[in-house]
Amino acid sequence: MDLNSIYTELIMEHSQHSHNHHHLDCPSHSMRGHNPSCGDDITLELKVVEGIIEDASFTGLGCAISKASTSMMIDLIKGKSVEEALELVSVFIGMIKREITDEAELEVLEDALALQNISNMPARVKCAVLAWHTLKQSLEEKE
Amino acid sequence: MDGRSITEIRKDFPSLTLSANGKPLVYLDNAATTQKPFRVIASLKDYYERSNANPHRGAHYLSIMATEAYESSREVVRAFINAWSSREIIFTRNATESLNLLAHSYGMTNIKEGDEIVISILEHHSNLIPWQQLAKAKKAQLKYLYVDSEGQVKDEEIYTKITDKTKLVSITHISNALGTVTPVKRIIDFAHEKGAVVIVDGSQSVPHIKLDVKALDADFLVFSGHKMLGPMGIGVLYGKEKLLEAMPPFLFGGDMIEYVHEQETTFAELPFKLEAGTQNVEGALGLKEAILYLEKLGMDRIEAMEKELTAYAFERLSELPIIELYGPRDLSKRSSVISFNVKDVHPHDTASIMDAYGVAIRAGHHCAQPLMRYMNLNATARASFYFYNTKDEIDIFIDSLKNVRKWLGYGS
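Trainee: I'd like a description of the overall build of chain A, backed by residues and values.
Mentor: Helices and strands together make up the secondary structure of chain A, namely five helices and three strands. Secondary structure elements in chain A, listed N-terminal to C-terminal, are α-β-β-β-α-α-α-α. Computed over its C-alpha atoms, the radius of gyration of chain A comes to 14 Å, within 12% of the 15 Å expected for a compact globule of 143 residues. By principal-axis analysis of the C-alpha atoms, chain A measures approximately 45 × 30 × 25 Å.

Encoded structure:
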């Protein structure tokens, strides 16, 4: 395993200085995501207005990979519709499970494409997918 | 005692010569499970090649061989912990199953509404949830012995929490999360004064120190074979004969009966009453070989080797300003488990980065969520040693640790 392909500058930037790590003023959605075995514990906040995710943020603790993944996801979904966000969740999870390998298809993930190599680290897959599962759960629960 | 050098001893363990991620493997996750010597591995193969049949049932040659393999293992376990009789040794899958057996069989029979069960906040989930669920089922009260900032059980906790209402105390001997050695003898003696029965979770102590159930006066002792060179899937429940005698069976089925009628059954005597169905014979045999290996090396020597390793690792870790150490600073009060964090780094990142250097450590809450919450820790990294580890391996561990922060973009 090559650590260079995992702990990249982009991932460090998102995990250590995330502009998305704060509370929202009046979130319409708030959902906790937890990996009990390792202690990743994030809360995702969303402000959804008329089917559009106007704003999103997160709070909590986690490893570099879970925090970077959460922050990248938030950048990606801001301004998107709920349907678009759910579609992005399935593309991301498809990428991590190596079910989607076509680069063109994965381009929609923008920065989060940097997490593709996590699929080579089985022990860390759950860190990378935590925020995405939490988003899906949050959006589906409110429907 | 075995006077061989550590270099010779390591040759007994095929997996210690493995590489991990292109680096020599440095295995420091022994509190989770240990590596196995040739002798144990060979015994499993040998059993299936030469002695395999269903024990206790047939009158034929192989069945007698299998019975002999299984029962001679029970006797080796008895002698190892100095129990009075092999009737007091029940084979289970692991310490977890032993504790669940106790909660169901002893607990459901003896715990009544309003009784108190006392455990410590150090407990592994396996010595916590069975008692929590029993307390709920019986409307009993579950009480905790709390610890100080170094994870030591406080004396005043022992003398105030264990009362005349306490019927059962279940206490770990050594914490798997912090390495704390608990004052188990003091707890047993005081609990006995109050009329309570005491279970000792020896999962982290039996593999590392000489444990004598008579000297300790434990009512029950549980441990797992795989944490002491044995195979997975074999564990032990020791209990004083008079207590086991009074317990109802936990599982019903073959081999644990005397006479079965359409509406009634009488049960076999100890230890068979508590071992239903075909047992893990090769597991018991592997555990026997593991114990014989440990005894040949000598438990005193094992303890001394691990003390030296732990002291060396602790000293080297203490020199690193980037490391936060948890648990007792007094080395006489800790075992070969060291819990720590690299400053600003989540332990899972630490463990992944260490893995790239070939170093196997554990990260997480170590199946002790209430303890982590009580100590105000989210998760920790944990290095745990066994006698086959070396100071050279600890040097690799330390050198690798120095690189962790760099990977996460910190200067040093």
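Trainee: An account of the sheet that holds strand E7 (residues 166-172) of chain B is needed here, citing residue identities and associated values.
Mentor: All names here are of chain B. What the seven strands build is an open sheet, ordered E4-E10-E9-E8-E7-E5-E6; its pairing is mixed. Single-partner strands in this sheet number two, and they are strand E4 (89-92) and strand E6 (141-145). Taking each pair of neighbouring strands and ignoring which way they run, the sheet shows an average axis angle of 20 degrees. Where strand E5 (residues 116-120) meets E6, five bridges bridge the pair, whose relative direction is parallel.

Trainee: Requested: an account of helix H7 (residues 184-193) of chain B, with residues and values cited.
Mentor: All names here are of chain B. Val184, Ile187, Ile188 and Ala191 are the residues of H7 that are buried. Down the axis of H7, the smallest arc covering the buried residues is 100 degrees, so these residues share one side. Against the buried residues of H7 lie helix H6 (155-161), E7, strand E8 (197-201) and helix H8 (213-216). Gly195 sits one or two positions beyond H7 and adopts a positive phi of about 85 degrees.

Trainee: Kindly report on the domain arrangement of chain B, identifying the contributing residues and their values.
Mentor: Residue and element names in this part refer to chain B. On domain assignment, one finds that chain B holds domain 1 (6-29 + 298-407) and domain 2 (41-295). Look at where the C-alpha atoms of domain 1 and domain 2 centre, and you get two points 28 Å apart. Only helix H11 (299-318), strand E14 (337-342) and helix H13 (369-374) provide two or more residues apiece to the side of domain 1 that touches domain 2. Top element by residues in the side of domain 1 that touches domain 2 is H11. It accounts for five residues. Of the residues belonging to the side of domain 1 that touches domain 2, the class tally is 11 nonpolar, five polar and six charged.

Trainee: Can you tell me about helix H12 (residues 347-356) of chain B, naming the residues and giving the values?
Mentor: Counting buried positions along H12 of chain B yields nine of 10 residues, so the element is predominantly enclosed. What H12 of chain B keeps buried is the set Pro347, His348, Asp349, Thr350, Ala351, Ser352, Ile353, Met354 and Ala356 of chain B.

Trainee: Can you explain the interface of chain B and chain A? Please cite residues and give values.
Mentor: Taken together, the contact between chain B and chain A spans 15 residues of the former and 16 residues of the latter. Going through the elements one at a time, H12 and strand E16 (362-364) of chain B are the ones with two or more residues in the side of chain B that touches chain A. Split by residue class, the side of chain B that touches chain A holds six nonpolar, eight polar and one charged.

Trainee: I'd like a rundown of the packing of helix H1 (residues 9-16) of chain A against helix H2 (residues 64-77) of chain A, residues and numbers included.
Mentor: Residue and element names in this part refer to chain A. Two numbers describe how H1 lies on H2: the axes approach to 7 Å, and their chain directions differ by 85 degrees. One finds that H1 runs roughly perpendicular with respect to H2. Only Ala64, Lys67, Ala68, Ser71 and Met72 of H2 make contact with H1, whose side of the interface consists of Ile11, Met12, His14 and Ser15. In terms of residue class, the contact of H1 with H2 is built from five nonpolar, three polar and one charged.

Conventions used here
Numbers given to residues run from 1 along each chain, matching the order in which its sequence is written. Whichever chain is written first becomes A and whichever ligand is written first becomes 1, with later ones labelled in order. It should be noted that, the model being predicted, local features are given only for residues of pLDDT at least 70 and side-chain atom pairs only at 80 or more, the latter also being counted only at that level, while totals for whole chains, interfaces and linings use all residues. Runs of H or I in DSSP of at least four residues are treated as helices and runs of E of at least two as strands, each being numbered from the N terminus. In this description the radius of gyration comes from C-alpha coordinates, and the expected globular size is given by 2.2 Å times residues to the power 0.38. Should DSSP find at least two bridges between two strands, the strands are taken to pair. Each axis is a line fitted through C-alpha atoms, taken for helices only over the stretch in contact, and angles between the N-to-C directions span 0 to 180 degrees. Remark: C-beta atoms are placed from the backbone, and a residue is labelled buried if 20 or more other C-beta atoms sit within 10 Å of its own, exposed if 12 or fewer do, or partly exposed between those counts. The directions considered for the arc are those from the helix axis to the C-beta atoms. By definition, residues are in contact whenever their C-beta atoms, placed on the basis of the backbone, come within 7 Å of each other. Residue ranges for the domains trace back to a domain assignment, done automatically or taken from a database. Under the grouping applied here, Gly and all other residues not named as nonpolar or charged are polar, the nonpolar ones being Ala, Val, Leu, Ile, Met, Phe, Trp, Tyr, Cys and Pro and the charged ones Asp, Glu, Lys and Arg. Orientation labels follow simple angle bins: below 35 degrees gives roughly parallel, above 145 gives roughly antiparallel, 65 to 115 gives roughly perpendicular, and whatever is left gives oblique.

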